[in-house]
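Coordinate inspection notes
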Amino acid sequence: MEDTQSVATLIDSTSSKIQQLQKAFAELESHRAVTLNLKWKELEEHFHGLEKSLKRRFHELEDQEKVFETKTRKAREMLQKREAAVAAKEQASLVRLQEKRDAAVFAITNALEKNRKISSEEPAGVSCDGDNGELSVEDKPPDSVASESNSEDIKSPFENDNFEVKSYPELIKLCEEMDSEGLHKFISDNRKNLAALKEEIPWALKAAPSPALLVLESLEGFYISELPNVDGKKDSNLLGLRRTCIMLMECLSFLLSNLDDNSVSTLISEDVKEQAKSIAEEWKPKLDALDIDASNGNSLEAHAFLQLLATFGIASDFNEEELSRLIPMVSRRRQTADLCRSLGLSEKMPGVIEVLVSNGRQIDAVNLAFAFELTEHFSPVPLLKSYLKEARKTYSPVKPGNASPTAQTEVNERELTALKAVIKCIEEHNLEEQYPADPLQKRVLLLEKAKADKKRATEAAKPQPKRPRANGAGYGPRVTNIAADKTFYPRVPDRYPPQYVYDRPYVYAGPADNHGPSLLGSATYNFSPSHGNYFGNGYQYQAPYLH
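None of these values were measured; they are calculated from a predicted model. (Residues numbered from 1 in each chain as written. Predicted model: local features only at pLDDT ≥ 70, side-chain atom pairs only at ≥ 80, totals over all residues. Heavy atoms only, no water.)

1. A few points about the packing of helix H12 (residues 270-287) against helix H14 (residues 300-311)
Our working definition: Axes here mean lines fitted to C-alpha atoms, for a helix over just the part in contact, with angles spanning 0 to 180 degrees between N-to-C directions. Each helix corresponds to a stretch of at least 4 residues labelled H or I by DSSP, and each strand to a stretch of at least 2 residues labelled E; elements are numbered beginning at the N terminus. If an angle is under 35 degrees, it is roughly parallel; if it is over 145, roughly antiparallel; if it lies from 65 to 115, roughly perpendicular; otherwise it is oblique. Whether a crossing is left-handed or right-handed is set by the direction in which the near helix is turned from the far one by less than a right angle, anticlockwise for left-handed and clockwise for right-handed. In what follows, residue pairs with any heavy atoms lying within 4.5 Å of each other are defined as contacts. Amino acids are sorted into nonpolar (Ala, Val, Leu, Ile, Met, Phe, Trp, Tyr, Cys and Pro), charged (Asp, Glu, Lys and Arg) and polar (every other residue, Gly among them).
The contact between H12 and H14 brings their axes to 10 Å, and the two run at 155 degrees. Put simply, H12 runs roughly antiparallel to H14. In terms of crossing hand, the pair formed by H12 and H14 is left-handed. Across the interface between the two elements, Ala276, Ile279, Ala280, Trp283, Lys284 and Leu287 from H12 touch Glu301, Ala302, Ala304, Phe305, Leu308 and Leu309 from H14. Classifying every residue of the contact of H12 with H14 by side-chain character gives 10 nonpolar, no polar and two charged.

Next up, the structure:
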């Protein structure tokens, strides 16, 4: 700053220097012996030009300095804000951690107190009290006690735990009897209340002599009777069974997460792990036949395999690269992020996200980027924009004028689906400030309006059946061999037109003899072959049985 002031002082003193030079020049001219060709006016203009040039350059440097200072100040302010945000997040994390620690200490203290009270009051064992839901055993037949003695070590972690199964007490009975088939049937019969079931199944599993073995037994039949229907879709019962298998493994994982390490190691013994590993090795070759693109990120087979490894802690026995290649097959499942963490695949996520992006699955890539805090490497907004761009580029015809109505309808339907997916992603991850959804919403409304208009126009363009003339001339073939018990009048009044088997605009020529039964036995309505029935095309109805 001092250098700038000194330069400004020197520039201001230029005028006085020029005046001194003028005096010296006049004195020199008065003593000259020879006439000088140089005039003072020329010298003065030269020096004034230099002065203006220096001042202009000086002001430019001052402006640049101010801009630099402004940028520096803003950068420091932004850095301070980021430091404050990081500090706030650290503080919030510490507060949450402390709360969890306090809650854990409180739960352990209560459990110890209840353990002491129960051990002092009921030293005999476990009983199932209907009011408080505590497990106990009393007045059981000798053979039952003998059979339970084999699983005493496994039951020990749950003897004094409290749990309640209020809505579905049948679950406890099924788990106590280790009835995996009955458990499957019960869940299938009550699939409309899956949310309530999932809350109670983990606690019901505690009543089983061996919850882990019960879950392993429930996996039988996962690949049995895998026969496609006529339309190539898998049997809905098989899909329901597989979803139930996945849900039971998730419930067991939840149960294990609420136990200490000793209880978990007792429950998931080495023998149980070997059985789980045997099932996993049997399933693994069958995953090679799966089509990653056809699964569309929602493969039940891959999900069940990964969940089996995570639940029973056997992921270390399998290659991480091979496991990470299965993640794109389950990328649309809501449990994917937690599943990857349980399997120790967090470090593989950048590669998985790159695979999803390269395969045009940017929505799944954005969801995983947020789940694993990789949004700095995979910016969400450019990914979503590229997803829409690729959708429009892929689904738009080369020449819109040459597109058939059916093709254009398909184009609009796919673009509408892509827009809704992007809007949902923006709302879930609070990206409205970075990527406003209003233009996308307007486009959705426009496409939906065009879809509705197209539907109305199609319905209006359908040919209506013509009414027959009053003199009895119709548009269907004459039926000559109607059953004898039918009564017909020789003449029908004009206000009641004759009744025909069909009233339709077009009738295709049949056999020459025109037998009545062939006409009467045909279908009442004619559908286009492209429609098919609702169980033979891609719009098959399935009951809401998602876990």
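2. Remarks on the pattern of salt bridges
Note that side chains of opposite charge can pair when their charged atoms are close. Our working rule: What makes a salt bridge here is a side-chain nitrogen of Lys or Arg within 4 Å of a carboxyl oxygen of Asp or Glu, nothing more. Relative accessibility decides the category of a residue: with a 1.4 Å probe and only protein chains considered, values under 20% of the type maximum give buried, values over 50% give exposed, and everything between is partly exposed.
Using the criterion set out here, one finds 16 salt bridges in the structure. Ionic pairing is found between Lys451 and Glu413, a salt bridge with its closest N-O pair at 3.3 Å. Highlighted residues: Lys451 in helix H21 (residues 438-461) and Glu413 in helix H20 (residues 405-428), separated in sequence by 38 residues. The exposure class assigned to Glu413 is partly exposed, which follows from its relative accessible area of 33%. Overlapping salt bridges, with partners in common, bring together Arg332, Arg361 and Asp364 in one network.

3. A short note on the packing of helix H7 (residues 180-189) against helix H9 (residues 211-218)
Packing of H7 against H9 brings their axes to within 9 Å, and their N-to-C directions diverge by 70 degrees. Classified by the angle their axes make, H7 and H9 are roughly perpendicular. Touching Ser180, Leu183 and His184 of H7 are Leu214, Glu217 and Ser218, all from H9. Taken together, the residues of the contact of H7 with H9 sort by class into two nonpolar, three polar and one charged.

4. With respect to the packing of aromatic side chains
What counts is decided by this rule: Two rings from Phe, Tyr or Trp (for Trp, the six-membered ring) form a pair when their centres are within 6.5 Å of each other. A pair whose planes differ by under 30 degrees is stacked, one over 60 is edge-to-face, and the rest are tilted. A ring has a charge above it when a Lys NZ or an Arg CZ is no more than 6 Å from the ring centre and no more than 35 degrees off the ring normal.
According to the stated counting rule, one finds six aromatic pairs in the structure shown. Through pairs of rings, three or more aromatic residues link up here, namely Phe222, Tyr223 and Trp283. Seen from the ring of Tyr223, Arg242 lies directly overhead, with NZ or CZ sitting 5.1 Å from the centre. When the ring centre of Phe372 is taken as reference, the NZ or CZ atom of Arg341 above it lies at 4.8 Å.

5. Some words on H9
Counting buried positions along H9 gives six out of eight residues, so the element sits mostly inside the fold. Of all the positions in H9, only Pro211, Ala212, Leu214, Val215, Leu216 and Ser218 are classed as buried.

6. Overview of a negative patch on the surface
We apply this condition: For patch detection, residues must exceed 30% relative accessible area and be free of salt bridges, and they are connected within 9 Å for like charges or within 5 Å for nonpolar side chains (Val, Leu, Ile, Met, Phe, Trp, Tyr). Areas reported here follow the Shrake-Rupley algorithm with a probe of radius 1.4 Å; residue values treat only the protein chains shown as occluding. In this tally, Asp and Glu contribute negative charge and Lys and Arg positive charge; neither His nor the terminal groups of the chain are included. Charged groups are reduced to one reference atom each: NZ for lysine, CZ for arginine, CG for aspartic acid, CD for glutamic acid.
A cluster of acidic side chains, namely Glu270, Asp271, Glu274, Glu281 and Asp317, defines a negative patch on the protein surface. Here Glu281 is to be found in helix H12.

7. What about the nonpolar core?
Condition: We define a nonpolar core as any set of buried Ala, Val, Leu, Ile, Met, Phe, Trp, Tyr and Cys residues linked to one another through side-chain atoms lying within 4.5 Å.
By size, the foremost hydrophobic cluster in this structure holds 91 residues, and its most contacted members are Phe305, Leu308 and Phe312. Among the elements that make up this core, the one with the highest residue count is helix H10 (residues 236-257) (10 residues). When neighbours within four sequence positions are excluded, Phe305 is seen to be in contact with Ala280, Trp283, Lys284, Leu287, Phe318, Leu323 and Leu326.

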